[in-house]
Amino acid sequence: METEKLSFKLDIFEGPLDLLLHLISKNKVDIYDIPIESITRQYFDYLNTVKEFDMELGSEFLVMAAQLLYIKSKMLLPQEKIESEDKVDPRAELVAKLLDYKAYKDLAGFLRSKETDGDVFYYRNKEKFDFSSLDYDNQSFNLSELTHAFYDVISRKKEEEKTNNVEALKTITKRLAYSVNDKVYEIKERIEANGPTLFRHMFDNMEEKSECIATFLAILEMVKSSLLQIEYSYQDMDFILKDGANNE
Amino acid sequence: MVRIMNDIQNIMEAILFAAADVVSTKELSQVLGISDLQVCETVGELQHIYDDGKRGFQILKIGDGFQMCTREMYYEYIRPIIGERRKKMLSPAAMETLAIIAYNQPITKSAVEHVRGVNSDGAVNKLLERGLIEDVGRLDAPGKPILYATTNEFLRSFAIDSLDAIPKLSLEPMEKGPVDGQMKVDFE
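Cut-offs used in this document
- Residues numbered from 1 in each chain as written.
- Chains lettered and ligands numbered in written order.
- Predicted model: local features only at pLDDT ≥ 70, side-chain atom pairs only at ≥ 80, totals over all residues.
- Heavy atoms only, no water.
- Pairing = 2+ DSSP bridges.
- Helix = DSSP H or I, 4+ residues; strand = E, 2+ residues; numbered from the N terminus.
- Core = buried A, V, L, I, M, F, W, Y, C linked by side-chain atoms within 4.5 Å.
- Buried < 20%, exposed > 50% of the residue type's maximum accessible area, 1.4 Å probe, protein only.
- Contact = heavy atoms within 4.5 Å.
- Axes fitted to C-alpha atoms, helices over the stretch in contact; angles between N-to-C directions.
- pLDDT = per-residue confidence, 0-100.
- Buried area = accessible area lost by both parts, 1.4 Å probe.
- Salt bridge = Lys/Arg side-chain N within 4 Å of Asp/Glu carboxyl O.
- Nonpolar A, V, L, I, M, F, W, Y, C, P; charged D, E, K, R; others polar.

### Regarding the pairing of strand β2 (residues 228–233) of chain A
Residue and element names in this part refer to chain A.
Here is step 1: Pairing of β2 with strand β3 (residues 238–243) involves 6 bridges; the strand directions are antiparallel. Bridging across to β3, Tyr232 finds its partner in Phe239.
Here is step 2: Where β2 folds back on β3, the antiparallel hairpin that results is connected by 4 residues, among which Met237 adopts a positive phi of roughly 55°.

This is the structure in structure tokens:
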């Protein structure tokens, strides 16, 4: 009895039918002639074990428990007069369900054996074509817009060309790293020396993007730790940075 | 005649390459103006040519159509390029549910639950998520329940060329006579 219980503890069943099939095969009994008395007892043993372990149990298990008890009681009752051929084994419906379920369980096993068979084939992904028509309505162009855009591009190109050669060498020879920490000190010194400063002036003479980013992060950091105060000035159309400690 | 036959082969090759999906026999026969049987024959010829040359690609039958894919023997060389497939194995519940749907499609969730004897919401959702089954309509019954069927992706990932290739249900003969509420299974 003890060992029986132990083996139960290790098994998780997909449902009451799964559990019953397990019991039937374990007891090596004929599925068409289930010893309902002992199977029911073992079924309840399992439910109790599960309860001991405080595991979640689906209500389906209880429905089946009730069904088993019903069949058991029906079989215990003496049959009244056997009228004709319509005497049906109370277990028949359950047996049919079990057979059904068992057949599908076997098929699931077949599918399981093929689960990775498709892995050796690679299929191309279907290309996504967009067949919806493009909207060409409401298009209006102005020649001067186009010339403007063109001169814009040309002038930018020239500037780039001028600086490109120098820049290219710069990036090879030096790669300055700007630390937020250094910037905090820089900003502090600057504001102490010059008083309130406009936000945009904080970025004067900065050539590299990374330096701007470090400065910006430093400002955020300082505001967070109230080393800096920020105010918006409508007159200057910009933020003004002030020493946070001054304004107590 | 030979030239025309070659043309049809080449066109079919082009279609299957471009589609990158299952192309049904019907679509092919309509476009090419030949019979379904001729479509199958032509595909057979192409398959033969590819197989003989051990070409990198091949044509597989998937459901009621065909699709191009790579030859399995080159799998280990493709894998490092494309990357390892990360596939989670299906849970026993999902696999049981898939088996039931595969054999009885189209089928409602409650019919699946009737066979399994347990709630199957999670399993059905997982299969939908994996694209192994799909919603194919609604049953004309109270509540208009959704009907599910397996997809081409199911055939591809289990390397099954059609639903007919799945072995028949191994139901033991019922000595005591069938009982009401039995599922409809094709015993043949």
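After that view, the rundown keeps rolling.
### Quick look at the nonpolar core
Here is step 1: Leu111 of chain A together with Leu90, Leu98, Leu127, Phe154 and Phe158 of chain B are the most contacted members of the largest nonpolar core, which has 34 residues in total.
Here is step 2: Looking at this core, the elements that each hand over two or more residues are α5 (92–113) of chain A together with β2 (57–62), α5 (92–104), α6 (109–116), α7 (121–129) and α8 (152–157) of chain B.
Here is step 3: Not counting residues up to four positions away in its chain, the partners in contact with Leu127 of chain B are Leu90, Ala94, Thr97, Leu98, Ile101, Leu132 and Ile133 of chain B.
Here is step 4: Grouped together as the second largest cluster of nonpolar side chains are 26 residues, Tyr43, Ala65, Ile71 and Leu99 of chain A included.

### Section: the sheet that holds strand β5 (residues 133–138) of chain B
All names here are of chain B.
Here is step 1: Read across the open sheet, the 3 strands follow the order β4-β6-β5; overall the sheet is antiparallel. Single-partner strands in this sheet number two, and they are β4 (107–108) and β5.
Here is step 2: When β5 meets strand β6 (residues 146–150), the two strands line up antiparallel, connected through 5 bridges. Across the sheet, the residue bridging to Gly137 is Leu147, located in β6.
Here is step 3: Across the face of the sheet, α5 comes into contact with β4, β5 and β6 while running at roughly 95° to β6.

### Focus on the confidence of the model for chain A
Residue and element names in this part refer to chain A.
Here is step 1: Counting all residues, the mean pLDDT for chain A is 77, and 77% of those residues have values of 70 or more.
Here is step 2: Mean pLDDT across the secondary structure elements of chain A bottoms out at helix α1 (residues 2–10), with 47, and peaks at α5, with 88.
Here is step 3: Predicted confidence for residues 5–10 stays below pLDDT 50, and this span has 10 contacts to residues more than four positions away or in other chains.

### Description of the interface of chain A and chain B
Here is step 1: Across the contact, 37 residues belong to chain A and 61 residues belong to chain B.
Here is step 2: Carbon and sulfur atoms make up 62% of the surface buried where chain A meets chain B, a total of about 4400 Å² over both sides.
Here is step 3: At the boundary of chain A and chain B, one finds 0 salt bridges.
Here is step 4: Among the elements that line the side of chain A that touches chain B, the one with the most residues is α5 of chain A, at 17 residues.
Here is step 5: Class assignment for the residues of the side of chain A that touches chain B results in 18 nonpolar, 4 polar and 15 charged.

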